[in-house]
Amino acid sequence: MVKFRYKGGGIPQLRKDIEKYDSAFMKTLFQSLLRVRVIEDEVAAHYSEDQMKTPVHLAIGQEAVPVGCCAALKASDHVYCGHRTHGVYLAKGGDLNAMMSEFHCRANGCCGSRGGSMHLLDKSVGMMGSSAIVAGIIPIATGAALAAQMRGESKITAVFIGDAAVEEGAAWESMNFAALKKLPILYVCENNFYSVCSPLEVRQPEGAPIYRKAEAFGLYAEAIDGNNVLQVYEASKRAVEWIQSGRGPAFIEAYTYRWKGHHGGEDDTKLGYRSFAELAEWQQYDPVAMLQAVLIEKQWLTKQEVDSMREVLLREVAASFDHALKSPEPTIDELLTHVTCER
Amino acid sequence: MLWDEKLVNRNAGLRAGEAPEKGRTISYTAALREALEYKMEQDPSVFLLGQGVDDPGGMFGVTRGFHEKFGRTRVFDTPVSEEGMTGICTGAAMEGMKPVYFHNRPDFWLLAFNQLVNHTSKIHYLDNGLTDVPLVMWAAIGRGWGSGAQHSQAIQGLLLSVPGLKIVMPSTPYDAKGLMITAIEDRNPVLIIEHRWLMKREGVVPQEPYRIPLGRGVYRRRGDALTVVGTSHAIDLALTAANQLAGEMEVEVIDLRTVKPLDEAILLESLRKTGRLMVVDTGWAMGGVCAEVGCLAAEKGFDLLKAPIRRVGLPDAPAPAGFSLEQLYFPSVATMKQAMRDVVLQSEVAKV
């Protein structure tokens, strides 16, 4: 039984949307999407080897949201996210080797193995932090936006959360404050309808869509097809413009779907919390495959070019696995460092 | 609050029993104001926030009028959103700002624990040292006049075990000013827990800015019969009790001033002399400062001890609101004196 249907415009809508853009821009966007997909697929494939001893929450199926949004942000803008970190980290330009090392618990991981997959960080590209506590990152990102405002900086802070994060009070405490102070922050809610095995319908009442709740709190808010990377990109641009005009914070609810289980590399649909029919329906609206189809149709890419893009990416990922497996483990001397800062 | 104003005023009249020092005498709140004014002037990344920091009360007078001097961008009232605002302070601090987040009482910090414990205290470690979180959170312990279970908690014991935090509990105007400056300058999250009944004390406070290192206790009184260790209003009571026992027994009183990190050196130095330990705290005796210091002494000063360690904290019960029960609930000078006699005389009896 398909409980949560895809309500976007699929390939036909993407065909319309793409008319505004040139092939160079679209190929870059596609490369970004494909890269997340290939990396995540490889992580999923190797996960059972038990070399990555950290819970992973893969972005497979949801890639268009971080990729489309980050395309609308500047390099100097900052992003934060919840536990589903990989898509945001990679879309913002985070270092792949550092990420792989972090998964493999090596000393040269992006957090020296102290954070794991749920706490990726790459400040050099503006990926400023993540939290494993649902909604925990929301006040933090809001505070970063407050700092930017107090210092007169023009940067935008974006924070990526899921549908369950808006069930935590702190989410609304933060948005209330952000609206009050007109903070330069964009909240991006990836609504994939599930919180582990718990469907949206048992957690939030009908007739109260998430973006409307944000609107009620005084934010500019929209709901979009999160699997159409151009819809995400354009909504993000509208939000950025709103924020830059000084009118206050913005909220985007992006409907999407995760292919694997909540965590880990396997599809756990057989557990019964969702139907295979539902997964299959959403896989028809695969954000990567839809864009690929339209680009090939327009002859901006050929199937062979896509295949060789994949091969290059697979080599890049294989090298990063290699790098991680060859990297040193942290030692006992590093266990108790950085508990406090003693500068 | 009118109802506890009388108690605070009554306590203001009591001297801490220190030997008079030369110098300018000002109130506890004035000392805090001087520290804040100094840091606000000197460092533009410092900002003050909290419910009512800019209202006529101005957080016990500590922040009164600061919004007029420094503007409402740097001194602002907050929504009643303790968890959200603590996270907001955390995010701002991670970006290099230095928020000082004021709360009327530590009971409200309980709402902020998800940020404080799960995030604020851990980010420096999780980020492999790449991120500092230089925030300060401030609160004044409530007590008396029907404050009751939810308005008179001293929760330092609940936070003592959290790695990455520092916790400061001054008892004199001199310490309040020095520790506030140090706390703001510290690159870590520092919690400052004051006590309402000390806020109108007067004491000698140097005009110029100065710092007091965190984790360093001081002797308030020297003696050889017993070491009494604690902070805040509890050590203030203990000092009065010790002074009243002068001649009968000479009690050594140590004001730790910081509970995290703990000054082990001063504790063991004194124990070496007295062999007896009493730990006093404004919080519950169970699982808090009393328990930690007691265990530390048993662990590292075992050979020095000649009597069982004594804890004087709050009983394992919520604080009653009613006046008469309140008097039985909280430690007093009388109960402290009795406890001191128990510890010293008990071991005297045992020797016989």
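Here the structure is a predicted model, which means the values were calculated and not measured. (Residues numbered from 1 in each chain as written. Chains lettered and ligands numbered in written order. Predicted model: local features only at pLDDT ≥ 70, side-chain atom pairs only at ≥ 80, totals over all residues. Heavy atoms only, no water.)

## With respect to helix α11 (residues 289–300) of chain B
Okay, so step 1: Helix length check: α11(B), at 12 residues, gives a terminal C-alpha distance of 16 Å against a target of 16 Å (1.5 Å per residue), a fit within 8%.
Okay, so step 2: In this structure, the buried side of α11(B) is in contact with α7 (156–159), β10 (226–230), β12 (258–260), α10 (264–274), β13 (277–284) and β14 (310–314) of chain B. (Helix = DSSP H or I, 4+ residues; strand = E, 2+ residues; numbered from the N terminus. Expected span 1.5 Å × (residues − 1). Contact = heavy atoms within 4.5 Å.)

## Observations concerning the pattern of salt bridges
Residue and element names in this part refer to chain B.
Okay, so step 1: One pass over the structure, following the stated rule, counts 42 salt bridges over all chains.
Okay, so step 2: Notably, a salt bridge pairs D236 with R201, separated by 2.7 Å at the nearest N-O pair. Placement of the pair is D236 in helix α9 (residues 232–244) and R201 in the loop between β7 (190–195) and β8 (202–204), with a sequence separation of 35 residues. R201 carries the same exposure label as D236, and that label is buried.
Okay, so step 3: A salt bridge links E252 to R222, with the nearest nitrogen and oxygen atoms 3.0 Å apart. Pair noted here: E252 is in strand β11 (residues 251–255) and R222 is in the loop between β9 (218–221) and β10, with a separation of 30 residues, a long-range link.
Okay, so step 4: Overall, E252 belongs to the buried group, its relative accessible area being 0%. (Salt bridge = Lys/Arg side-chain N within 4 Å of Asp/Glu carboxyl O. Buried < 20%, exposed > 50% of the residue type's maximum accessible area, 1.4 Å probe, protein only.)

## Points about the environment of B:E208
Okay, so step 1: Along the chain, the position of B:E208 falls in the loop between β8 and β9.
Okay, so step 2: Between the C-alpha atom of B:E208 and that of B:G178, which follows or precedes it by 30 residues, the distance is 10 Å.

## Comments concerning empty space enclosed by the protein
Residues and elements named next belong to chain B.
Okay, so step 1: Evaluated as defined, the whole model comprises five cavities of 30 Å³ or more.
Okay, so step 2: The space that makes up the largest cavity amounts to roughly 80 Å³.
Okay, so step 3: If you trace the largest cavity, you find 13 residues lining it, with R143, H195, H233, T282 and F330 closest to the centre.
Okay, so step 4: Where the lining of the largest cavity is concerned, the elements lending two or more residues are α9 and β13.
Okay, so step 5: Broken down by element, the lining of the largest cavity gets its largest block of residues, three residues, from α9.
Okay, so step 6: The class makeup of the residues in the lining of the largest cavity is six nonpolar, five polar and two charged. (1 Å grid on protein atoms, 1.4 Å probe; cavity = no way out; pocket = protein on both sides within 12 Å on 5 of 7 lines; lining within 4 Å. Points joined across faces, edges and corners; volume = space filled by probe spheres on them. Nonpolar A, V, L, I, M, F, W, Y, C, P; charged D, E, K, R; others polar.)

## Structural notes on the sheet that holds β10(B)
Neighbouring strands of a sheet are bound in pairs by backbone hydrogen bonds; such pairs are parallel or else antiparallel.
Residue and element names in this part refer to chain B.
Okay, so step 1: Judged by pairing direction, the sheet is mixed, and its five strands sit side by side in the order β9-β11-β10-β13-β14 without closing on themselves. Every interior strand has two partners, whereas the edge strands, β9 and β14, have only one. Neighbouring strand axes in the sheet, compared pairwise and without regard to direction, differ in orientation by 25 degrees on average.
Okay, so step 2: Pairing of β10 with β13 involves three bridges; the strand directions are parallel. Bridge assignment links V229 to a residue of β13, and that residue is V279.
Okay, so step 3: Contacts between α9 and the sheet are confined to β9, β10, β11 and β13, with β11 contributing the most and set at about 160 degrees to the helix.
Okay, so step 4: Here α10 sits on the sheet and contacts β9, β10, β11 and β13; the angle it forms with β11, its principal contact strand, is near 175 degrees. (Pairing = 2+ DSSP bridges. Axes fitted to C-alpha atoms, helices over the stretch in contact; angles between N-to-C directions.)

## Looking at the sheet that holds strand β3 (residues 157–162) of chain A
Residue and element names in this part refer to chain A.
Okay, so step 1: Here we have six strands laid out as an open sheet, ordered β2-β1-β3-β4-β8-β7, and parallel in their pairing. Only two strands of the sheet have a single partner each, and these edge strands are β2 (127–130) and β7 (220–225). Recorded for the sheet is a direction-independent mean angle of 20 degrees between the axes of neighbouring strands.
Okay, so step 2: Pairing geometry for strand β4 (residues 185–191) and strand β8 (residues 250–255), over six bridges, is parallel. Bridge pairing links E190 to A254 in β8.
Okay, so step 3: On top of the sheet, helix α3 (residues 64–72) reaches β1 (78–81), β3, β4 and β8; it is set at about 160 degrees to β4, its chief contact.

## Comments concerning the side chain of A:T256
Residue and element names in this part refer to chain A.
Okay, so step 1: Looking at where T256 falls in the secondary structure, it is placed in the loop between β8 and α10 (276–284).
Okay, so step 2: Among the polar contacts made by the side chain of T256, one reaches the main-chain carbonyl oxygen of G61 at a distance of 3.2 Å.
Okay, so step 3: A distance of 2.7 Å separates a polar atom in the side chain of T256 from a polar atom in the side chain of N227.
Okay, so step 4: Leave out the neighbours within four places in its chain, and T256 touches G61, Q62, V65, E190, N191, N192, F193, N227 and W282. (Polar contact = N/O pair within 3.5 Å; in protein donor to acceptor, adjacent residues only side chain to side chain.)

## Concerning the interface of chain B and chain A
Okay, so step 1: The interface is formed by 39 residues belonging to chain B together with 40 residues belonging to chain A.
Okay, so step 2: For the chain B and chain A pair, buried surface summed over both sides reaches about 3,200 Å², with 60% attributable to carbon and sulfur atoms.
Okay, so step 3: For chain B, the biggest contributors to the area lost against chain A are B:I88, B:E95 and B:Y125; these three give 22% of the whole.
Okay, so step 4: At the boundary of chain B with chain A, the tally comes to three salt bridges.
Okay, so step 5: Taking the shortest distance from any N to any O, the salt bridge between B:E95 and A:K155 comes out at 3.2 Å.
Okay, so step 6: Taken together, the elements giving at least two residues each to the side of chain B that touches chain A come down to α4 (82–94), α5 (113–120) and α6 (123–126) of chain B.
Okay, so step 7: Broken down by element, the residue count for the side of chain B that touches chain A peaks at 10 residues, all from α4(B).
Okay, so step 8: For the side of chain B that touches chain A, the class distribution of residues is 13 nonpolar, 18 polar and eight charged. (Buried area = accessible area lost by both parts, 1.4 Å probe.)

Geometry only, nothing functional implied.
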